[in-house]
Amino acid sequence: MIEFQHVSFAYEKDRPVLKDVSFRIEKGEAVGLIGANGAGKSTVMKLLLGLAEGEGRILVDGTEVRRDTLPEIRRKLGFVLQNSDNQMFMPTVYEDMVFAPLNYGLSREEADARADAVLKRLHLEDLKNRYNHKISGGEKRMAAIATVLAMEPEAVLMDEPTSALDPYNRRIVINTVRELEMTKLITSHDLDMILDTCGRVILLSEGRVAAEGPAGEILRDRTLLESNRMELPLSLAGRPY
Amino acid sequence: MNKMQRAMHELSEMDELAAGSSPVHALHPAAKLITTVVYILVTLSFDKYDLGGLVPMVLWPVMLFQISGTSVKTCFYKLRIVLPLVMAVGLFNPFFDKTVLLQLGSLSVSGGVVSMLTLMLKGVFCLMASFLLMATTPIDSLCAALRKLRVPKLIVTLLLLTYRYVGVMTEELAVMTEAYSLRAPGQKGIHISAWGSFLGQLLLRSMDRAQELYSSMLLRGYRQEFYYADHRAFRRGDALYMLACSSVFLLLRNVRIAELLGSTIVR
């Protein structure tokens, strides 16, 4: 479904952010992209969505990410931004939800039906006609996920989906993410969430893939994590003193 | 809530007003847009001494306030920053134009005073009309109407993004002002020595957020067209509204209603 082949990228010359990164994500897989700050996680997302151009090849469902293929690629990928305020730019949740379906040529009735179905699936019916500036952070994050699901993408990319959420809302987001059947690529520092939602993990360090493997294995490797400026997930680290 | 947060909230309130369900809200955005433009042009075309002719032009916004259920108080509250600037136009006219134009008993009214009042009223009426357009039409529908009227994509996109980015910039300003005031207790506003870096940071932060917001639009299929906006059909009622209002404006422009009414009463 998603493939990076020897991808390198630099925002400034001589300061590469990604160096020869290669990995593959199969259809239906849930993959966690982890790493310390500045490891290149967000850049991976940007390159995949065509928001930045690097060297090497990136393929989505066999189609190379290029300027001319962007509309096709972006239709397949739903991106949940870290800052939901930037994702929810329409006045109401409903208007945000039908934004993509209408842009992709669906009729108002079809877009409405999709929005209703997603809201029902996520138990967010009461958010439908609420104003974005009047809903809480947790509700906004769930609404942002709903807007992306209304696109019916083949893969969902999430940038820190649980950041700045209280434990209750965090759990709701985690349960929702777990229930999504499509391909998922999630970047996060919340390793417990990654452990809960992803089958496989790619560990980035200083722009390179430092490790890749089953989530349960990588996230239990204290030495590996600590050598890459990370810590064991709390659920695996035992009770802190 | 600091000043900036309040401003942000007020901006969001415009979206709520525009989502109303009055007969004015139900009109086609293009009809409202054209009517507003005609109103503004007619209002601006009055002679600077034609105060009597201009005053009846207030009837249209007053009528729209009533029908749309929009509060006049809200309008003037939201326009409180622009209004003084508009009112200031022509403030010096009384000093330059001292020709006596009216004699009210022992009181002589100079041409400067009349032209000042005319300019002020023109400004206020135009602002009221623009406010009413924004308060009864969602921005995306307005942009869709502009595209239908063949206004270039680039200009319409600029309008839309400016509207969205004002919110983003205000949000950033709110956060920065709060952070500043927490570390400068007892200080009113931002000290002049910090203005440069403050504005620079505000610009950089706003640009970052604006970029992300625009990316988010692109990633959800935005192609500078307004497929997602409310595309109601242009009905006969919309055309009728547009023509009727425009005709009344032209009538008010060419027939001195106030004088006509006055002379009828006197007779």
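Residues numbered from 1 in each chain as written. Chains lettered and ligands numbered in written order. Predicted model: local features only at pLDDT ≥ 70, side-chain atom pairs only at ≥ 80, totals over all residues. Heavy atoms only, no water.

**Description of the overall build of chain A**
Then, in step 1: When you go through chain A residue by residue, the secondary structure sums to eleven helices and ten strands.
Then, in step 2: Over its C-alpha trace chain A gives a radius of gyration of 18 Å, about what one expects of a compact globule, namely 18 Å for 241 residues.
Then, in step 3: C-alpha atoms of chain A, sized along the principal axes, occupy 50 × 50 × 30 Å.
Then, in step 4: Considering only residue pairs separated by 6 or more positions, chain A has 61% of its internal contacts joining residues 24 or more positions apart.
Then, in step 5: By element, 46% of the accessible surface of chain A is carried by carbon and sulfur atoms, the whole surface being about 11000 Å².
Then, in step 6: In chain A, the 32 positive side-chain charges and the 38 negative ones have mean positions that sit 1 Å from each other. (Helix = DSSP H or I, 4+ residues; strand = E, 2+ residues; numbered from the N terminus. Rg over C-alpha atoms; globule rule 2.2 N^0.38 Å. Contact = heavy atoms within 4.5 Å. Areas by Shrake-Rupley, 256 points an atom, 1.4 Å probe, with all protein chains shown as cover. Lys, Arg positive; Asp, Glu negative; His and termini not counted. Charge placed at Lys NZ, Arg CZ, Asp CG, Glu CD.)

**What to know about the interface of chain A and chain B**
Then, in step 1: Of the residues lining the interface, 24 residues belong to chain A; the matching set on chain B comes to 25 residues.
Then, in step 2: Between chain A and chain B, roughly 2300 Å² of surface is buried when both sides are summed, and carbon and sulfur atoms account for 57% of that area.
Then, in step 3: It is Asn 86, Phe 89 and Asn 103 of chain A in chain A that bury the most area against chain B; as a group they hold 27% of the surface buried on that side.
Then, in step 4: On inspection of chain A and its partner chain B, the count reaches two salt bridges.
Then, in step 5: One salt bridge connects Glu 16 of chain B with Lys 134 of chain A, and the closest N-O pair in it is separated by 3.1 Å.
Then, in step 6: Linking chain A with chain B are ten residue pairs in polar contact (both at pLDDT 80 or more).
Then, in step 7: Within the residue set of the side of chain A that touches chain B, elements represented by two or more residues are helix 3 (84-87) and helix 4 (93-103) of chain A.
Then, in step 8: For the side of chain A that touches chain B, the leading source of residues is helix 4 of chain A, giving five residues.
Then, in step 9: Here the residues of the side of chain A that touches chain B sort into 13 nonpolar, six polar and five charged. (Buried area = accessible area lost by both parts, 1.4 Å probe. Salt bridge = Lys/Arg side-chain N within 4 Å of Asp/Glu carboxyl O. Polar contact = N/O pair within 3.5 Å; in protein donor to acceptor, adjacent residues only side chain to side chain. Nonpolar A, V, L, I, M, F, W, Y, C, P; charged D, E, K, R; others polar.)

**Section: the domain arrangement of chain B**
All names here are of chain B.
Then, in step 1: For chain B, the assigned domains are domain 1 (1-138 + 230-262) and domain 2 (139-229).
Then, in step 2: The distance between the C-alpha centroids of domain 1 and domain 2 comes to 27 Å.
Then, in step 3: Taken together, the contact pairs 19 residues of domain 1 with 22 residues of domain 2.
Then, in step 4: Here domain 1 and domain 2 share an interface that buries about 1700 Å² over both sides, 69% of which is from carbon and sulfur atoms.
Then, in step 5: In this structure, the connection of domain 1 to domain 2 is made through zero salt bridges.
Then, in step 6: Counting the contacts that link domain 1 with domain 2 gives five residue pairs in polar contact (both at pLDDT 80 or more).
Then, in step 7: Considered class by class, the residues forming the side of domain 1 that touches domain 2 number twelve nonpolar, five polar and two charged. (Domains from an automatic or database assignment.)

**A word on the packing of aromatic side chains**
Each aromatic ring pair is summarised here by two numbers: the centre-to-centre distance and the angle between the ring planes.
Then, in step 1: Within this structure, the stated rule accounts for eleven aromatic pairs over all chains.
Then, in step 2: Ring geometry for Tyr 180 of chain B against Phe 198 of chain B: centres 6.1 Å apart, planes inclined by 85 degrees, an arrangement best described as edge-to-face. Note that Tyr 180 of chain B is positioned in helix 11 (residues 153-182) and Phe 198 of chain B in helix 12 (residues 195-219), a separation of 18 residues in sequence.
Then, in step 3: Residue Tyr 180 of chain B is classed as buried on the basis of its relative accessible area, which comes to 19%.
Then, in step 4: Ring-pair connections join several aromatic residues into one group, and the members of that group are Phe 89 and Phe 99 of chain A together with Tyr 214, Tyr 222 and Phe 226 of chain B.
Then, in step 5: Over the ring of Tyr 77 of chain B we find Arg 80 of chain B; its NZ or CZ atom is 3.9 Å from the centre of that ring.
Then, in step 6: Above the ring of Phe 46 of chain B, the side-chain terminus of Arg 253 of chain B is found at 4.8 Å from the ring centroid. (Phe/Tyr/Trp six-rings, centres within 6.5 Å; stacked < 30°, edge-to-face > 60°. Buried < 20%, exposed > 50% of the residue type's maximum accessible area, 1.4 Å probe, protein only. Lys NZ or Arg CZ within 6 Å of the ring centre and 35° of its normal.)

**So, the confidence of the model for chain B**
Residue and element names in this part refer to chain B.
Then, in step 1: Here chain B averages 88 in pLDDT, and 98% of its residues register 70 or above.
Then, in step 2: Helix 14 (residues 257-266) is the least confidently modelled element of chain B, averaging 75 in pLDDT, while helix 3 (residues 29-44) averages 96, the highest of any element.
Then, in step 3: Prediction confidence for the complex, expressed as pTM and ipTM, is 0.81 and 0.86 respectively. (pLDDT = per-residue confidence, 0-100.)

**Side note on the sheet that holds strand 1 (residues 2-12) of chain A**
Residue and element names in this part refer to chain A.
Then, in step 1: The antiparallel open sheet is built from four strands, whose spatial order is 2-1-4-5. The open sheet has two edge strands with one neighbour each: strand 2 (15-25) and strand 5 (63-64).
Then, in step 2: Strands in contact with helix 1 (residues 41-48) are strand 1, strand 2 and strand 4 (55-60); relative to strand 1, the strand with the most contacts, it is inclined by about 110 degrees. (Pairing = 2+ DSSP bridges. Axes fitted to C-alpha atoms, helices over the stretch in contact; angles between N-to-C directions.)

**So, the pattern of salt bridges**
Residue and element names in this part refer to chain A.
Then, in step 1: Applying the stated criterion across every chain yields a total of 29 salt bridges over all chains.
Then, in step 2: A salt bridge links Arg 67 to Glu 53; the nearest nitrogen and oxygen atoms lie 2.9 Å apart. With Arg 67 in the loop between strand 5 and helix 2 (70-76) and Glu 53 in the loop between helix 1 and strand 4, this pair connects stretches of sequence that are 14 residues apart.
Then, in step 3: On the basis of relative accessible area, Glu 53 is assigned to the exposed category, the value being 59%.
Then, in step 4: As a salt-bridge pair, Lys 140 and Asp 85 come within 2.5 Å of each other at their nearest N and O atoms. Taken together, the residues span a long stretch of sequence, with Lys 140 in helix 6 (residues 137-149) and Asp 85 in helix 3 at a distance of 55 residues.

**Quick look at a nonpolar patch on the surface**
All names here are of chain B.
Then, in step 1: Residues Tyr 49, Leu 101, Leu 102, Leu 104 and Leu 107 make up a contiguous nonpolar surface patch of roughly 460 Å² in combined accessible area.
Then, in step 2: Looking at the secondary structure, you find Leu 107 in strand 2 (residues 107-110).
Then, in step 3: For Leu 107, a relative accessible area of 52% translates into the label exposed. (Patch = residues over 30% accessible without salt bridge, like charges linked within 9 Å, V, L, I, M, F, W, Y side chains within 5 Å.)

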